[in-house]
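# Residue-level structure breakdown
Now for the letters of each chain:
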Amino acid sequence: MTETINTLRKEVTEELEGNILPFWMNKMTDRERGGFYGRISGEDVLMPDEPKGAILNARILWTFSAAYRLLKKPEYLATATRAKRYLLDFFYDKQFGGIYWSVDCEGNPLDTKKQIYALGFAIYGLSEYARATGDEEALEYAIRLFEVIEKYSFDAEKNGYVEALTRDWQPIADMRLSDKDENEKKTMNTHLHILEPYANLYRVWKDGRLKTQLKNLIELFVTKILDTQTYHLNLFFEDDWTNKYHLISYGHDIEASWLIHEAALVLGDETVLKQIEPVIMRIARAADEGLNADGSMTYERFSDKGETDRELHWWVQAENVVGHLNLYQHFGDEEALSTALRCWQFIKDKLIDRENGEWYWSRFADGSINRNDDKAGFWKCPYHNGRMCLEINERFA
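Attention here is on the structure that accompanies the text. (Residues numbered from 1 in each chain as written. Predicted model: local features only at pLDDT ≥ 70, side-chain atom pairs only at ≥ 80, totals over all residues. Heavy atoms only, no water.)

Before going further, it helps to examine the sheet that holds strand S10 (residues 307–309). Spatially, the three strands line up as an open sheet ordered S8-S9-S10, and their pairing is antiparallel. The sheet is open, and its two edges are formed by strand S8 (247–249) and S10, each paired on a single side. Across this sheet, the average inter-strand angle for adjacent strands is 15°, counted without regard to direction. Both S8 and strand S9 (residues 300–302) contribute to a ladder of three bridges, which runs antiparallel. Bridging from a neighbouring strand, Ile-248 pairs with Arg-301 of S9. (Pairing = 2+ DSSP bridges. Helix = DSSP H or I, 4+ residues; strand = E, 2+ residues; numbered from the N terminus. Axes fitted to C-alpha atoms, helices over the stretch in contact; angles between N-to-C directions.)

Written out as structure tokens, the structure reads:
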């Protein structure tokens, strides 16, 4: 088994250093206007005048900070520092605090709403930069963002975090993260991506209130978000946690299984860990309903309609690998290792673009490559696939 893991680790490190990271450094760095370009289309056409998204910038910051922390290459630090500088100089709202959703190609504020998901990713990137370098400024801004999330988004009465607010933190009519989402006040996805940065921030800032809120987030997943009949995660909620939708996201299930586990491990509370470990194994098994024979994982299922979207997205496959390796590493699940290895083979055969770099967005259900969606953009970032490589590198070092 050691040989198998060593081969996997070698292959993903080569993929990270030979394909993913060079693509972002060489093709996406905006040397004229600063920061990074907003988009490369699915046809591999650079679109330099497209808006720049907070998620893309924050995820570049996280990926290159983590790559520098593990691999110590100066060019990774340079790219991480570029991302940090652009985030603080152009996305950070100096008047009201928080992070803008987007800026134009010149760096002027464009969509100034406060989408809490974006603030979460900014914390994730800044805390990782602080973790990799000891940088005080990055940590200070990460803490500032934690404070505004707690002040304006946390619902002290009904628990949980409100999805979005206006620039000056007032209620907003359209709270959706994207046009694919339901317009509800609370979502699984945003809670998952507050849990993730809060855990990372706690690694570098052992604050009592942060610890309390991290523990609370873990408990919210078990008591409010998890469907205890199916062990899938419900996705969209009214502010009192009423769930009206019957939609299963296999990718989010498998991603959440390991992120909740990681948060509990970082928290370091044995009682919470004992409570959570059986649950995360059941969430991962529920996600396996979306597995295909080749180890790939289907996108989502609309339970009420009996319809399944069989598209094979890049991010779902990356999280599928990490989630199953987490089961193997911590619980000795050999079958999960086999699933992870089969999915990695699928990624190598079907998703990596060996000609133009990076990974395709997806394969359609008929097996054809999806060139309609971005190669790089608002949502297509080096975070899921880069993190998969980094997780394997670090877990099995």
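Taken as a whole, the largest pocket holds about 950 Å³ of empty space. Lining the largest pocket we find 41 residues, and of these Ser-178, Lys-180, Asp-181, His-252 and Tyr-299 sit closest to its centre. Residue assignment for the lining of the largest pocket shows that the elements contributing at least two residues are helix H6 (188–204), S8, helix H8 (250–267), S9 and helix H10 (314–331). For the lining of the largest pocket, the leading source of residues is H6, giving three residues. A class-by-class count of the residues in the lining of the largest pocket yields 15 nonpolar, 11 polar and 15 charged. In this structure, the second largest pocket encloses a volume near 290 Å³. Around the second largest pocket, the lining is made up of 21 residues, and of these Arg-131, Arg-203, Glu-262, Glu-391 and Glu-394 lie nearest the centre. (1 Å grid on protein atoms, 1.4 Å probe; cavity = no way out; pocket = protein on both sides within 12 Å on 5 of 7 lines; lining within 4 Å. Points joined across faces, edges and corners; volume = space filled by probe spheres on them. Nonpolar A, V, L, I, M, F, W, Y, C, P; charged D, E, K, R; others polar.)

The first and last C-alpha atoms of helix H5 (residues 136–153) sit 25 Å apart over 18 residues, in line with the 26 Å expected at 1.5 Å per residue. Here H5 has its buried residues at Ala-138, Leu-139, Tyr-141, Ala-142, Ile-143, Leu-145, Phe-146, Val-148, Ile-149, Glu-150 and Ser-153. On its buried face, H5 is in contact with helix H3 (74–91), helix H4 (116–133), strand S5 (164–165), H6 and helix H7 (208–225). (Expected span 1.5 Å × (residues − 1). Buried < 20%, exposed > 50% of the residue type's maximum accessible area, 1.4 Å probe, protein only. Contact = heavy atoms within 4.5 Å.)

Formed by 137 residues in total, the largest nonpolar core has its most connected members in Tyr-198 and Met-388. Here this core takes 12 residues from H4, the largest share from any one element. (Core = buried A, V, L, I, M, F, W, Y, C linked by side-chain atoms within 4.5 Å.)

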